[in-house]
There are 2 protein chains.
Amino acid sequence: MQQRCNKVFMVNLLKSKNISETPFRKEVLEIFSKYNNAIPLSIVEKELKKYNRITLYRTIKVFLEKGIIHKITISGEDSNYAICQEECNTDAHRHQHIHFKCKKCKTIYCVEINEFPAITLPNYKVEQLEIQATGLCENCNV
Amino acid sequence: MQQRCNKVFMVNLLKSKNISETPFRKEVLEIFSKYNNAIPLSIVEKELKKYNRITLYRTIKVFLEKGIIHKITISGEDSNYAICQEECNTDAHRHQHIHFKCKKCKTIYCVEINEFPAITLPNYKVEQLEIQATGLCENCNV
DNA sequence: TCAATAAATGCAACAACGTTGCAATAAAGT
DNA sequence: ACTTTATTGCAACGTTGTTGCATTTATTGA
Ligand SMILES: [Mn+2]
Ligand SMILES: [Mn+2]
Ligand SMILES: [Zn+2]
Ligand SMILES: [Zn+2]
């Protein structure tokens, strides 16, 4: 697994995606990479030294478009965001992982999965699956 | 399969859920039951004779709480709603179906599925799965 | 059937979340 | 260092959804 939690990696990530490296973007990226789970904007906001709502929205938008982060939408929850583990780009965010929400600690994890399930539906052509699971996470499953 | 598309059924549904039957609610219910796919509020709005934004929101909320409809949230899309096919209630909306979005016609279907996949994750306790699929629907899969 | 009661509706006002135009500022390329 | 290009931040706006309150409608039961 690639190391994704240091400043050198951050800057390279921005460079590799062809977006200019600004203090704001680096800081946001560091916040994301510090967590090993998905986080809502409210957390990013709190952790930012200098917070500007509009710039944050625009930063998130750029990161989404460039495949740096992906968005996790669970009904009734704030949107959550997490760093992309695989190589993603604007069009394709194919992840071999599921999104797991712990009922107890409410954390949302991106969980890698090796045997990704397949579904066949008569008359339909299924091309992609997105799976959200709920239950108890590693920490809460005592 | 139960017949879910006539006025008698509608009224019984409202009665059985212990909510009073008003013209507005009956009309909304008829719109939902007329479609065999999930629809956003914009469609409900257009089909209503007399549309009131606030009353619609409140109606939707009640229908959700009573397990008459369920909400389908797909990232980047308007929320969609569909009549519940099984017996649902406030707490439990367990459906043995997936949500399928057709890439071509953009329709979102609730598709019943008999062999619902299972997932096991080391150290996690997986209790529930929610699956969203994309591809081509019956009509577009030529 | 009709009055009493309880619930739903609709208006105004508000709040959260997100976007856009534009001027000021900072980063990149030469 | 200077020019060009992109980002930032402010003000203003749009959309989605909510709440308080008065009015209207549905339900109950005498
Ligand atoms: Mn993920
Ligand atoms: Mn459904
Ligand atoms: Zn947990
Ligand atoms: Zn289709």
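Note that the structure is predicted; figures quoted are calculated from it, not measured.

Asks: For this particular structure, what's the right way to read the pairing of strand 5 (residues 108-112) of chain B?
Replies: Along any regular strand, the residues point their side chains to alternate faces of the sheet. All names here are of chain B. Pairing analysis gives 5 bridges linking strand 4 (residues 97-102) to strand 5, with the strands arranged antiparallel. Within strand 5, the residue paired with His-97 across the bridge is Glu-112. Counting the residues between successive antiparallel strands, the hairpin from strand 4 to strand 5 contains 5 residues, one of them, Lys-106, with a positive phi of roughly 70 degrees.

Asks: Help me understand the coordination of the manganese ion (ligand 1), please; the structure alone is not making it clear to me.
Replies: Each pair of donors in an ideal octahedron of six around a metal sits at 90 or 180 degrees, and each pair in an ideal tetrahedron of four sits at 109.5 degrees. All names here are of chain A. Within the first shell, the manganese ion (ligand 1) binds the protein through His-70 (NE2), His-97 (NE2), His-99 (NE2) and Cys-110 (SG), at distances of 2.0 to 2.3 Å. The sequence pattern describing where the donors of the manganese ion (ligand 1) fall on their chain is H-x26-H-x1-H-x10-C. The class of His-97 is buried, set by a relative accessible area of 5%. We classify His-99 as buried; its relative accessible area is 8%.

Asks: Quick question: what am I supposed to make of the relation of the copies chain B and chain A here?
Replies: What relates the pair of chain copies is a rotation about an axis plus a shift along that axis. Placing chain B over chain A gives an RMSD of 0.1 Å and needs a rotation angle of 180 degrees, together with 0.0 Å of translation along the axis. What the rotation and shift describe, once combined, is the action of a two-fold rotation axis. Judged by C-alpha distance, Ile-131 of chain B is the residue of chain B that lies nearest the rotation axis, at 2.3 Å. A shared binding surface is used by both copies, with 100% of the interface residues of chain B retained as interface residues in chain A.

Asks: What exactly am I supposed to notice about the protein's contact with DNA strand D here?
Replies: What surrounds DNA strand D is a group of 18 residues, the closest being Thr-22, Arg-25, Lys-50 and Arg-58 of chain A together with Arg-53 of chain B. In DNA strand D, the atoms that sit within 4 Å of the protein are 58% sugar and phosphate, with bases accounting for the remainder. For the surface near DNA strand D, the secondary structure elements donating two or more residues are helix 2 (23-34) and helix 4 (53-65) of chain A together with helix 4 (53-65) of chain B. Looking at which element gives the most residues to the surface near DNA strand D, the answer is helix 4 of chain B, with 5 residues. The residue makeup of the surface near DNA strand D, split by class, is 5 nonpolar, 5 polar and 8 charged.

What counts, and at which threshold
- Residues numbered from 1 in each chain as written.
- Chains lettered and ligands numbered in written order.
- Predicted model: local features only at pLDDT ≥ 70, side-chain atom pairs only at ≥ 80, totals over all residues.
- Heavy atoms only, no water.
- Pairing = 2+ DSSP bridges.
- Helix = DSSP H or I, 4+ residues; strand = E, 2+ residues; numbered from the N terminus.
- Donors = N, O, S within 2.8 Å, 3.2 Å for Na, K, Ca; no water.
- Buried < 20%, exposed > 50% of the residue type's maximum accessible area, 1.4 Å probe, protein only.
- Least-squares fit on C-alpha atoms with pLDDT ≥ 70 in both.
- Contact = heavy atoms within 4.5 Å.
- Near = heavy atom within 4 Å.
- Nonpolar A, V, L, I, M, F, W, Y, C, P; charged D, E, K, R; others polar.

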